[in-house]
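Overview (structure and organization)
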There are 2 protein chains.
Amino acid sequence: MSTLPSELTAGEIAAATRCGSLTCETVTRACLERIQAREATVQAWQHLAGERALERARALDAATGPRGPLHGVPFGAKDIIDAADMPSEYGSPIHRGHRPGRDAACVALMRRAGAVLVGKTVTTEFANVHPGKTRNPLDPERTPGGSSSGSAAAVADRMVPLALGTQTTASTIRPASFCGVVGYRPTWGDLRLSGVLEAAGSLDTLGLFARSIDDIALLRDVLIGAEPKPLAETGKPRIGFCRTHLWDKAEPSTQRLLEDTACALAQAGASVKDAVLPAAFARIPDAHRAVSSYEFTRNFAWEIDHHWDAISETLRSGRLAQGMATSFEQYREAREFLAACRLTLDQVFESYDVLLAPAAAGEAPVGLGSTGYTGFCTLWTSTHVPAVTVPALQGPNGLPIGVQLLARRDHDRELFAFARWVQRALR
Amino acid sequence: MSTLPSELTAGEIAAATRCGSLTCETVTRACLERIQAREATVQAWQHLAGERALERARALDAATGPRGPLHGVPFGAKDIIDAADMPSEYGSPIHRGHRPGRDAACVALMRRAGAVLVGKTVTTEFANVHPGKTRNPLDPERTPGGSSSGSAAAVADRMVPLALGTQTTASTIRPASFCGVVGYRPTWGDLRLSGVLEAAGSLDTLGLFARSIDDIALLRDVLIGAEPKPLAETGKPRIGFCRTHLWDKAEPSTQRLLEDTACALAQAGASVKDAVLPAAFARIPDAHRAVSSYEFTRNFAWEIDHHWDAISETLRSGRLAQGMATSFEQYREAREFLAACRLTLDQVFESYDVLLAPAAAGEAPVGLGSTGYTGFCTLWTSTHVPAVTVPALQGPNGLPIGVQLLARRDHDRELFAFARWVQRALR
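Below: a short report on this structure. Note that the coordinates shown come from a computational prediction; the quantities given were computed from them, not determined experimentally.

1. Overview of the overall build of chain A
When its secondary structure is counted, chain A shows 14 helices and 11 strands. At 20 Å, chain A has a C-alpha radius of gyration in line with the 22 Å of a compact globule built from 427 residues. Expressed as lengths along the three principal axes of its C-alpha atoms, the size of chain A is roughly 60 × 60 × 40 Å. Residues counted as buried form 63% of the 427 residues belonging to chain A. Of all intrachain contacts in chain A linking residues separated by at least 6 positions in sequence, the fraction that spans at least 24 positions is 78%.

So this is what it looks like as structure tokens:
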């Protein structure tokens, strides 16, 4: 095979290991070699377990039973997601060396499917905004985005074909956009979060990273416990081009690229119309801030009371200060407002199969101190709809920018099919 | 003071320790003495930390800063709720000796308020139905109910005035009814679950145990991070007497007691009318089973794959077999059905301030092999409404039976006020 195994998608690896044209050990070794060559630059990993991954790969090669849908597929898990045989440090010095007692549900389900956990990827502090050490693999002077920084960077850099992250605000879609990979934030509530550190439970979801939309569909099937089936072909979608009320936060070059994208999709046969969100949606970012800050601040009561000095100033004066200033009544009011927005958005989706929106303001910003602007994700995270970003655009510095696609709640598979249609139309 | 400190409510203890008429050490010692005298019979505790509790009580006595609303109040936490300084064993031999890295949010918030964690209380296996060692303190031949068995028994037996549990089906209201204490299951989503082992996240809540409704209100204020304020007096409530479609599952004596209760409340001045639930609600128990089994089975993928032999036959052939047989599509359909029932129930509550319903089929059954019938809680757990049970009835064997009261979502404090009105009216 002329392609390096580390370049393959998860679906390609599983097909090759199941038919015997590649061993699991070969694939894992190729990923570990890629990591060894690049980790000093990218710094995607909080904890690497190369030897254990190789042992596991050899055991998979030697096993004679039925082979799972991710047989021999290496993956990484954000370090707020537990694995029984690795530390969980949550991006904080407070939890250095902590050993959880079990695999998170998502890790166990991937392992059950034959996947090989290579290590834990870097997260920002408690999946909030204070950055970890990871750099953007496409330009190490730029942020990879966050909070699932290491997962996005590792997949982008061909270290692993799949990685697990989470999203409470913009923590999957934004780093996927900045690093040039496919990112997926599921319908809220679909994928189990047992064993994942809670940031703000009413908004938290898993987030998946891959280099193809088919891999995302495959991984989701594994995580819902279904027999994977290929994505169906879809007809030409009814697309709502949704600039959102935050449009002027997008860089002019991003605005032009997205306008061009909308035109290109119309030329490819899609129905493309401007979708305007209700005016009340302009209040979503404030409501999101109230809900996430309130929940986050109660969830981290132990760290606040026992390790205040080991919490970053960014977090103390940001999310925690906001949360301490938010009363339960304000929280509940904001939560109810977001619940009402979900129903309103259902109505918007009566006219569209999919919404097309910015994934980020532009290319990954220069500098490692900030993980970038979150607004273009907050709207959709708050409304619990599934989101996918595909790396379809190229910014002024030659770096990727994602196109974000949204579907109504519970239409995740349909969203994948439309995203694949969009990707093909833009090629 | 003539009353033993272990007999006092949390509110009474906090008032006494804050004004100095009792020391925290005296209170904690009284609770520990009660535990020592009774634990061989009741077996409420999975892990006791008496020395550490006394140290903490002495530190509270010595502290000069502001005193919290639970200053010196001893409490227990169900052993699926983490504390940084104690093991979390989840009612399973698989996790014997496991040490979590931090306090659950609820434990940290109680400690912040000055409460003293005495130990971890017995849970059924993974908060499902396979019982632990706890016995009903009112009759050791009878079940205390589950899954928060130790928390209910410890509060009933005057070992601690407050305890934390959880509810996914009937795990707070049922044991509170069987043991004769006040139990509270909050509006779903209000109280943070970080650091609590997930059973089925779309149904899980904390559950609170106390010996007075005012203590429940106080503890809830602490857990939402609000300054506690006394419950307001309420007018005579509009009560819907809701026998539910499961009425014939209640023992005849329970039926008679509840009919008498409805009459007594009407005589006390309440408006009491028969409340009939929509016929579709008869499908709730099946939908609850699908949702909880699906989520539970994915959450415990690691235990299933690595420790199958250490899982009870009850759990394997019950919840897990059901969950493995439930597809994602069936799960999602059941989840949507329950979401629709929540909206329907909002309409029912337009006519009533509070619904009056059975908390359990009758007194705690004889035998320790089963934790009892769950149906009378499933309806309300599934609809996310707040529930309180007050020990207002006495069954044919002289044992308590709870009266369950329900209010619409987000009306938890109003529910407390009505529950206190009901308790007073029945005295």
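2. Examining the pairing of strand 4 (residues 162-167) of chain A
Residue and element names in this part refer to chain A. In terms of burial, strand 4 is largely enclosed, as six of its six residues are buried. Here strand 4 shows a buried face lined by L162, L164 and T166 and a second buried face lined by A163, G165 and Q167. Bridge count between strand 4 and strand 6 (residues 205-210): five bridges; the pairing is antiparallel. When the sheet's bridge partners are listed, A163 is paired in strand 6 with F209.

3. Regarding helix 14 (residues 412-426) of chain A
Residues and elements named next belong to chain A. The end-to-end C-alpha distance of helix 14 is 21 Å, a good match for the 21 Å that 15 residues give at a rise of 1.5 Å each. Taken residue by residue, helix 14 has D412, L415, F416, A417, F418, A419, R420, W421 and V422 as its buried positions. Packing partners of the buried residues in helix 14 comprise helix 7 (213-224), helix 8 (252-267), strand 9 (354-358), strand 10 (387-394) and strand 11 (400-406).

4. Focus: the interface of chain B and chain A
Contact residues are listed per partner, giving 31 residues for chain B and 31 residues for chain A. Those elements that provide at least two residues to the side of chain B that touches chain A are helix 4 (105-112), helix 9 (284-299), helix 10 (301-306) and helix 12 (328-348) of chain B. Looking at the side of chain B that touches chain A residue by residue, the class counts come to 10 nonpolar, 10 polar and 11 charged.

5. Things to note about the sheet that holds strand 7 (residues 238-241) of chain A
Residue and element names in this part refer to chain A. Spatially, 11 strands are ordered 1-3-2-4-6-5-10-11-9-7-8 in an open sheet, and the strand pairing comes out mixed. The sheet is open, and its two borders are formed by strand 1 (45-48) and strand 8 (271-274), each paired with just one other strand. Averaged over all adjacent pairs, the angle separating strand axes in this sheet is 30 degrees, with direction ignored. In the sheet, strand 7 pairs with strand 8 via four bridges, with the strands oriented parallel.

6. Quick look at the sheet that holds strand 2 (residues 74-78) of chain B
Across a sheet, strands are paired by hydrogen bonds formed along the backbone, either parallel or antiparallel in direction. Residues and elements named next belong to chain B. Spatially, the 11 strands line up as an open sheet ordered 1-3-2-4-6-5-10-11-9-7-8, and their pairing is mixed. Two strands bound the open sheet, and with one partner strand each, they are strand 1 (45-48) and strand 8 (271-274). Here the strands of the sheet are splayed against their neighbours by 30 degrees on average, with no regard to which way each runs. Bridge count between strand 9 (residues 354-358) and strand 11 (residues 400-406): four bridges; the pairing is antiparallel. Pairing of L356 across the sheet is with L405, part of strand 11.

7. Examining the pairing of strand 7 of chain A
Residues and elements named next belong to chain A. Regarding the hand of the β-α-β motif, the stretch spanning strand 7, helix 8 and strand 8 is right-handed. Where strand 7 lies against strand 9, three bridges are found, and the strand directions are parallel. Following the sheet pairing, F241 is matched in strand 9 by L356.

8. What to know about the relation of the copies chain B and chain A
Under the fitted operation, chain B is carried onto chain A by 0.0 Å of movement along the axis and a turn of 180 degrees, and the coordinates agree to an RMSD of 0.0 Å. A rotation of that kind, with that shift, is consistent with a two-fold axis. Of the C-alpha atoms belonging to chain B, the one lying closest to the rotation axis is found on P100 of chain B, 3.4 Å away. A symmetric contact is evident, with 100% of the interface residues of chain B recurring at the interface of chain A.

9. Some details on the packing of helix 2 (residues 24-42) of chain B against helix 3 (residues 50-62) of chain B
All names here are of chain B. Interhelical geometry of helix 2 versus helix 3 gives an angle of 160 degrees and a closest axis separation of 8 Å. When the axes of helix 2 and helix 3 are compared, the pair comes out roughly antiparallel. Relative to helix 3, the crossing made by helix 2 is right-handed. Contact residues: C24, E25, T28, R29 and L32 in helix 2; G50, A53, L54, A57, R58, L60 and D61 in helix 3.

10. Points about the environment of L206 of chain B
Residues and elements named next belong to chain B. Here L206 lies in strand 6 (residues 205-210). Along the chain, L206 and A360 lie 154 residues apart, while their C-alpha atoms are 19 Å from each other. Those residues in contact with L206 that sit more than four places away from it in its chain are C106, L164, T166, P186, L191 and L193.

11. So, the environment of S327 of chain B
All names here are of chain B. By the element assignment, S327 lies in the loop between helix 11 (313-324) and helix 12. Given 15 C-beta atoms within 10 Å, S327 falls into the partly exposed group. Sequence separation between S327 and A290 is 37 residues, and the spatial gap between their C-alpha atoms is 9.0 Å.

12. Some points on the nonpolar core
With 286 residues, the main nonpolar core has F75, C106 and L405 of chain A together with F75, C106 and L405 of chain B as its most contacted residues. When near neighbours in sequence (up to four residues on either side) are disregarded, C106 of chain B contacts I81, L164, L191, R192, L206 and L223 of chain B.

13. Things to note about helix 9 (residues 284-299) of chain A
Helix length check: helix 9 of chain A (16 residues) gives 22 Å between terminal C-alpha atoms against 22 Å at 1.5 Å per residue, within 8%. Of all 16 residues in helix 9 of chain A, 13 are buried; the element is thus mostly enclosed.

14. With respect to the packing of helix 7 of chain A against helix 14 of chain A
When two helices pack together, you describe them by how their axes are tilted relative to each other and by the distance separating the axes. All names here are of chain A. Running from N to C, helix 7 and helix 14 cross one another at 170 degrees; their axes reach a closest spacing of 9 Å. By the criterion of interaxial angle, the relationship of helix 7 to helix 14 is roughly antiparallel. Crossing handedness for the pair helix 7 and helix 14: left-handed. Between helix 7 and helix 14, the contacting residues are I213, I216, A217 and R220 on the first element and D412, R413, F416, A419, R420 and Q423 on the second. Residues belonging to the contact of helix 7 with helix 14 are distributed by class as follows: five nonpolar, one polar and four charged.

What counts, and where the lines are drawn
Residue indices begin from 1 for each chain and proceed along its sequence in written order. Each chain takes a letter, starting from A, and each ligand takes a number, starting from 1, following the order in which they are written. Confidence filtering applies because this is a predicted model: local features only for residues at pLDDT of at least 70, side-chain atom pairs given and counted only at 80 or more, and all residues used for totals across whole chains, interfaces and linings. Working definition: helices are DSSP H or I runs of at least four residues, strands are E runs of at least two. Numbering for both runs from the N terminus. Radius of gyration: over C-alpha atoms. The globule rule applied is 2.2 Å multiplied by the number of residues raised to the 0.38 power. Counting other C-beta atoms within 10 Å of a residue's own tells you its class, since 20 or more makes it buried, 12 or fewer makes it exposed, and anything in between is partly exposed; those C-beta atoms are placed from the backbone. Residue pairs are scored as contacts if the distance between their C-beta atoms, which are placed from the backbone, is within 7 Å. Following DSSP output, two strands are said to pair if at least two bridges run between them. In this analysis, the expected span of each helix is defined as 1.5 Å times one less than the number of residues it contains. All residues other than Ala, Val, Leu, Ile, Met, Phe, Trp, Tyr, Cys, Pro, Asp, Glu, Lys and Arg, Gly among them, are scored as polar; the first ten of these are nonpolar and the last four charged. Lines fitted to C-alpha atoms define the axes, with helix axes restricted to the stretch in contact, and inter-axis angles between N-to-C directions lie between 0 and 180 degrees. Here the term right-handed applies to a crossover when the path leading from its first strand over the helix to its second strand runs clockwise, the strands being oriented away from the viewer. Alignment of the copies relies on least squares applied to C-alpha atoms, considering only residues that score at least 70 for pLDDT in both. Between 65 and 115 degrees an angle is taken as roughly perpendicular, under 35 as roughly parallel, over 145 as roughly antiparallel, and anywhere else as oblique. Each crossing gets its hand from how the near helix is turned against the far one by less than a right angle, where anticlockwise is left-handed and clockwise is right-handed. By convention in this section, buried Ala, Val, Leu, Ile, Met, Phe, Trp, Tyr and Cys residues joined through C-beta atoms within 7 Å make up a nonpolar core.

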